[in-house]
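As a plain string of letters, each chain reads:
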Amino acid sequence: MAKEIIMPKLGVDMQEGEILEWKKAQGDSVQEGDILLEIMSDKTNMEIEAEDSGVLLKIVHPAGDVVPVTKVIGYIGAAGEALPDSVGEETASPSPSTQEAPAQSLSGVSAPAIAPKKVDNGKVRATPAARKLARERGIDLEKVTGSGANGRVHEADVQAFKAVRVTPLARKIAQDKGVDLNTLVGTGERGKITKEDVLASVPAEKVATSQKTPLAVNQAQDGVEVIKMSAMRKAISRGMTQSYFTAPTFTLNYDIDMTNLIALRQQLLEPIKTKTGYKVTFTDLIGLAVVKTLMKEEHHFLNASLIHDAQDIELHHFVNLGIAVGLSDGLVVPVVHGADQMTLSEFVVASKDIIQKAQAGKLKAAEMSGSTFSITNLGMFGTKSFNPIINQPNSAILGISATIDTPVAYEGEVVIRPIMGTSLTIDHRLVDGMNGAKFMLDLKALLENPLELLI
C-alpha cells in the first residue's frame, strides 16, 4: 500500500509549511533516510527525510505550495502501485497515524497536530531528555505533540507544552474549524478562551464560504499592492500579539559606560579569534554578562516563566539565552542552551553557530525553543532607545541600543565617554520595578567593570 508523505508539524506553533524544493523527482527511487524535500516552517528552512523506501509515486503539492500541517503532499510506494482515489483533491486527508488520537494540552483541548506515535511496546516515542523533563513536570507524554521523526517527542516539545483554559463550546468550535488553541489569547475570565476568541481567529471563508470575497491584486485601489503574509510574518504576528496582550509590562532604561568593555574587547580580539576562529562581539560580551547576572540568586525571577495558566512560577536554575536575529523577511530568536555553563570562548562559538544557522534558514525547532531570557540588539542601527516585546514565556527581555560618545560628569569634570543605552522590558506579573532595577544595577556594574567576565 502506498505510504503518504505529510507536511510535518515541526513545532508546537507551526500551522503550515511552504514547500521550497523537492529533492527527488516523481518516479525516482527513494531510500529511507534520503532527503525528500526542503520546506519552510514558521521561521526556518528544514530538510525532510523519507520515512520509507520505494518510489516517489506522486507529488501532490509542488514547490511553492503552502500546505497546512498533516496534509498529504506526496506518496511513496512500489513502482506501478495504485494510489488512493482521493489523490489530487484540494483537501487531502491526514495520514492514518494522525487520526488515532488528537494531540491535547493539559486541559484536554484537542489541537490539529500529529499525535505522538507508539512503538511496539505501547510507549510514546520520546527522547530520554524529554522523558526526564516530563517526569519532573508531571506532564503526560501522551498529550505532547512531537516535532521529531514519526512524532518523536523532544525535550523542546515538553518545554513548550502549556495548559489552555477554554470553554466547552470554544473547544468544540476549535476542533471543527481546525484552530490551534495554543495560538489564541483568551478574553474570558482569567484568560479563558471563549467562542468569540475562536471565531475571531477563523478565516472568513471557513465561517461562511458563501461570503468569501478575496481581494485580488488587480482589484486593489490604484497604487496599492496586496500580497500574502508569509508564514514567518504570521508567526511573528501571532507571537507578538499574544505577548503584548498577555503580559502587563514596563520598561526600565539605563545608560552604561562602555569604556572598559571596549578596551577589554580590544584585548580579547586576537586570543579569542586564535582559539575559536571568530571575533568576539559586544553582543557576546553583553550576553555573557546578562547570563552571569541572572545566575545570582536575588535575580531568579528575571529568569522565570509563568505556567499552569499563570498559576505557578517556573524558576530556572540555568540560563538558555535567546538572541534575536533580524532577517530580510522577519525575526527569529535562536537559543544558546546552557549558557550559564560556558566560558567566553564557548559562548562565542555557540552564539555564532546559531546566528549563522538563523541567517541561513537552517535552524532546527529545538534551537528556537526553551529560552529563559532574551536579548535584542538594535545598536548597530543607531537606535537610542526602544521598548522590546517579551519573547514569551520569558519574564523579561533586554534591549541594547547604540553606544554614543556623550558628555558626562566624571571625577568632577565633564568628559566624553562612550555611553550605551539599554532597555529592560519586564512582565509585571513576575517582577516588580525594584527587582528589575536591582538587576540592571548589577548588570551595569559588571559591564562597567568587565574583568569578572573572565573569572
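Residues numbered from 1 in each chain as written. Predicted model: local features only at pLDDT ≥ 70, side-chain atom pairs only at ≥ 80, totals over all residues. Heavy atoms only, no water.

Named according to an unreviewed UniProt entry, the protein chain is Dihydrolipoamide acetyltransferase component of pyruvate dehydrogenase complex originating from Streptococcus alactolyticus. Taken from UniProt, the Sequence similarities (unreviewed entry) comment for the protein chain reads in full: "Belongs to the 2-oxoacid dehydrogenase family." The heading Cofactor (unreviewed entry) in the UniProt record of the protein chain holds the text "(R)-lipoate". (UniProt positions renumbered as here; feature names shortened; annotations may be inferred.)

### Digging into the overall build of the protein chain
Within the protein chain one finds ten helices and 20 strands. Among the 455 residues that make up the protein chain, the fraction classed as buried is 45%. Relative to all contacts within the protein chain whose residues are 6 or more apart in sequence, the contacts with residues 24 or more apart total 62%. Accessible area for the protein chain stands at about 22,900 Å²; split by element, carbon and sulfur atoms hold 52% of it. (Helix = DSSP H or I, 4+ residues; strand = E, 2+ residues; numbered from the N terminus. Buried < 20%, exposed > 50% of the residue type's maximum accessible area, 1.4 Å probe, protein only. Contact = heavy atoms within 4.5 Å. Areas by Shrake-Rupley, 256 points an atom, 1.4 Å probe, with all protein chains shown as cover.)

### Regarding the confidence of the model for the protein chain
Counting all residues, the mean pLDDT for the protein chain is 81, and 82% of those residues have values of 70 or more. Contacts for the low-pLDDT stretch residues 89–118, under 50 throughout, to residues beyond four places or in other chains number 81 contacts. Taken as a whole, residues 209–218 scores under 50 in pLDDT and shows six contacts with residues more than four places along the chain or in a different chain. (pLDDT = per-residue confidence, 0-100.)

### Section: a nonpolar patch on the surface
Side chains of Tyr244, Phe245 and Ile389 sit close together on the surface and give an oily, nonpolar patch of about 370 Å² of accessible area. The class of isoleucine 389 is partly exposed, set by a relative accessible area of 34%. (Patch = residues over 30% accessible without salt bridge, like charges linked within 9 Å, V, L, I, M, F, W, Y side chains within 5 Å. Salt bridge = Lys/Arg side-chain N within 4 Å of Asp/Glu carboxyl O.)

### Concerning the nonpolar core
Counting 53 residues, the largest nonpolar core has Val290, Leu321, Phe373, Leu398 and Leu424 as the members making the most contacts within it. It is helix H8 (residues 282–294) that provides the largest number of residues to this core, a total of seven residues. Leucine 424 has contacts with Phe250, Thr251, Leu252, Leu302, Phe373, Ala396, Ile397, Leu398, Gly436, Phe439 and Met440, leaving out every residue within four places of it along the chain. Within the second largest apolar cluster, 17 residues are counted, among which are Leu36, Ile39, Ile48 and Ile59. (Core = buried A, V, L, I, M, F, W, Y, C linked by side-chain atoms within 4.5 Å.)

### Some details on helix H9 (residues 344–360)
With 17 residues, H9 extends 24 Å between its outermost C-alpha atoms, agreeing within 8% with the 24 Å of an ideal straight helix rising 1.5 Å per residue. Burial in H9 covers these residues: Leu344, Ser345, Phe347, Val348, Ala350, Ser351, Lys352, Ile354 and Ala358. Elements in contact with the buried residues of H9: helix H7 (259–276), H8, strand S14 (321–323), strand S15 (325–327), strand S16 (330–332) and strand S17 (335–336). (Expected span 1.5 Å × (residues − 1).)

### What about the packing of H8 against H9?
Two elements in contact, H8 and H9, have axes whose closest approach is 10 Å; the angle formed by their N-to-C orientations is 115°. The hand of the H8/H9 crossing is right-handed. Packed against H8, whose contacting residues are Asp284, Leu285, Gly287 and Leu288, the element H9 presents Leu344, Phe347, Val348, Ser351 and Lys352 at the interface. Among the residues forming the contact of H8 with H9, the class breakdown is five nonpolar, two polar and two charged. (Axes fitted to C-alpha atoms, helices over the stretch in contact; angles between N-to-C directions. Left-handed = near helix turned anticlockwise from the far one by under 90°. Nonpolar A, V, L, I, M, F, W, Y, C, P; charged D, E, K, R; others polar.)

### Some details on a negative patch on the surface
A cluster of acidic residues, Glu32, Glu47, Glu49 and Glu51, forms a negative patch at the surface. Among the secondary structure elements, glutamate 49 is positioned in strand S5 (residues 45–49). Using a relative accessible area of 48% as the deciding quantity, one classes glutamate 49 as partly exposed. (Lys, Arg positive; Asp, Glu negative; His and termini not counted. Charge placed at Lys NZ, Arg CZ, Asp CG, Glu CD.)

### Things to note about unusual backbone geometry
Here glutamine 392 and proline 393 are connected by a cis peptide whose omega angle stands at 5°. Among the structural elements, proline 393 can be located in the loop between strand S18 (373–377) and strand S19 (396–410). Phi is positive for threonine 70, close to 75°, though the residue is something other than glycine. With respect to the helices, strands and loops of the structure, threonine 70 is situated in the loop between strand S7 (66–68) and strand S8 (72–77).

### A short note on the pairing of strand S20 (residues 413–427)
Most of S20 sits out of view: eleven of its 15 residues are buried. Relative to S20, strand S11 (residues 249–257) is paired through nine bridges, and the arrangement is antiparallel. Considered in S20, the bridge of isoleucine 256 is made with methionine 420. Note: S19 against S20, 13 bridges, orientation antiparallel. Following the sheet pairing, tyrosine 410 is matched in S20 by glutamate 413. Hairpin connection, S19 to S20: the antiparallel pair is bridged by two residues, and glutamate 411 has positive phi, about 50°. (Pairing = 2+ DSSP bridges.)

### Some words on the pattern of salt bridges
Applying the stated criterion across every chain yields a total of 13 salt bridges. Aspartate 52 is paired through a salt bridge with lysine 3; the nearest N and O atoms lie 3.5 Å apart. One end of the pair, aspartate 52, is in the loop between S5 and strand S6 (54–59); the other, lysine 3, is in strand S1 (residues 3–6), with 49 residues separating them in the sequence. Take lysine 3: its relative accessible area is 42%, and that puts it in the partly exposed class.

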